[in-house]
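# Observations on the three-dimensional arrangement
Take a look at the letters that make up each chain.
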Amino acid sequence: MRISLGDVHLWFDVSGPSVTPQGDTTVERATLVTVHGGPGFDHMITKVALAPLSEHVQVVFYDQRGHGRSDYGTAESWNLRTWADDLRRLCDALGLRQPVVLGSSFGGFVALTYAGLFPDHPGGVILANTTGGRLDHQRSVEIFRRLGGDEAAAVAERAFTDLTEESEAEFDRVCYPLYSSKPGYPEESRQRRARAIQTIDVNLHYFRHEASRFDPWSLLPSVACPALILAGEDDPMCPLPVVEDLARQLPATTTRLVRLPGARHDIFRDQPDLAAQAVVEFIQGIKRPGQLT
């Protein structure tokens, strides 16, 4: 389905019902809005990981501007402030009041920016396998070295510094298969990438021109909603010390950090039960979850 936000049409999909029968009455379920990673990938990778949550909540997936089946817009609009505003407007267009938003990987950059720019809008935010926008390439390179040897470290370093289609393709070939600690991931990750709609131009534009201009952590003092942070203890893209620093800068009384042992970047594959349980418990604790009208 596609929905107009005025200047852009976004594609979205929904897994799970909003209302379910229970005896002589019906029960409304909470809605979780998910923000996919990248930039440059569509929602399909996130859907594989999060679709099982539809047993507990209604899950909204969408392709961000410049991605997948949504309008691409212009390169000037491929930035965190615009993506965060699109998220806010999407929720409003769907009739979601105080939604719970889950941002995975780069989607966590967008979710944190949204929570900081519009502090009264979300009912809660879940930052999953993400640093929320603060990168530590040296730590990441050393983790890749430990997980995949000197070749993986060298490839990661080139990808972080060269920012070319060639270095990105090499990273996908060598480093992406290291995102999970469980067997079978190289072939599974290849299939995921093959069926995703990729927009490498969005990825390169963001990291070449936008990443250094705006730090989502600058908005941390404005975040007012409850926050759940899910961190793989062995995540090469989101080193645990960086994520722990992120958690310390959010309000202690409304922030929960869950460390997932043995999990790398694909936390919902490596620790599906622990991650899903934390998400469901967090959503159940939100007093006024968003609902589709």
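This text gives an overview of the structure that appears in the document.

Procedures and definitions
Residues numbered from 1 in each chain as written. Predicted model: local features only at pLDDT ≥ 70, side-chain atom pairs only at ≥ 80, totals over all residues. Heavy atoms only, no water. Core = buried A, V, L, I, M, F, W, Y, C linked by side-chain atoms within 4.5 Å. Buried < 20%, exposed > 50% of the residue type's maximum accessible area, 1.4 Å probe, protein only. Helix = DSSP H or I, 4+ residues; strand = E, 2+ residues; numbered from the N terminus. Contact = heavy atoms within 4.5 Å. Pairing = 2+ DSSP bridges. Axes fitted to C-alpha atoms, helices over the stretch in contact; angles between N-to-C directions. 1 Å grid on protein atoms, 1.4 Å probe; cavity = no way out; pocket = protein on both sides within 12 Å on 5 of 7 lines; lining within 4 Å. Points joined across faces, edges and corners; volume = space filled by probe spheres on them. Nonpolar A, V, L, I, M, F, W, Y, C, P; charged D, E, K, R; others polar. Arc of directions from axis to C-beta. Expected span 1.5 Å × (residues − 1). Bend = angle between axes of the 7 residues up to and from the residue.

Of all hydrophobic cores here, the largest spans 46 residues; its most connected members are Val33, Tyr62, Leu80, Trp83 and Leu87. Ranked by the residues each element gives to this core, the list is headed by helix α3 (residues 106-117), at seven residues. In contact with Leu80, not counting residues within four places along its chain, are Phe106, Phe109, Val110, Thr113, Tyr206, Phe214 and Pro216. By size, the runner-up hydrophobic cluster in this structure holds 25 residues, among which are Val59, Leu228, Phe268 and Ala278.

Ordered by their spatial adjacency, eight strands build an open sheet running β1-β2-β6-β5-β7-β8-β9-β10, and the pairing between neighbours is mixed. On the outer flanks of this sheet lie β1 (2-4) and β10 (255-260), each paired with one strand and no other. Recorded for the sheet is a direction-independent mean angle of 25 degrees between the axes of neighbouring strands. In this structure, β1 lies alongside strand β2 (residues 9-15), joined through three bridges in antiparallel fashion. Its bridge partner being in β2, Arg2 is matched across the sheet by Trp11. Packing of α3 onto the sheet brings it into contact with β5 (31-35), β7 (100-104) and β8 (124-128), and relative to β7 it is tilted by some 145 degrees. Strands in contact with helix α8 (residues 240-248) are β8, β9 (227-232) and β10; relative to β10, the strand with the most contacts, it is inclined by about 165 degrees.

Moving on: the layout of surface pockets. Considered as a void within the structure, the largest pocket measures approximately 800 Å³ in volume. Looking at the largest pocket, it is lined by 40 residues, and the ones nearest its centre are Gly38, Ser105, Tyr179, Met237 and His265. Those elements that provide at least two residues to the lining of the largest pocket are α1 (44-50), α3, α4 (137-162), α5 (165-174), α6 (185-195), α7 (200-210) and α9 (267-270). Broken down by class, the residue content of the lining of the largest pocket amounts to 22 nonpolar, 12 polar and six charged.

What follows deals with α6. For α6, the set of buried residues is Tyr185, Ser189, Arg192 and Arg193. Down the axis, α6 shows its buried residues gathered within 95 degrees of arc, on one side only. Where α6 is buried, its residues contact α1, α5 and α9.

To continue, consider α4. Relative to the 38 Å expected for 26 residues at 1.5 Å per residue, α4 spans just 13 Å between its end C-alpha atoms, considerably shorter than the ideal helical length. In α4, a bend of some 145 degrees at Gly148 exceeds every other bend along the element. For α4, the set of buried residues is Ser140, Val141, Ile143, Phe144, Leu147, Ala152, Ala153, Val155, Ala156, Ala159 and Phe160. Contact partners of the buried residues in α4: α5. Just past α4, the residue Leu163 takes up positive phi, approximately 55 degrees.

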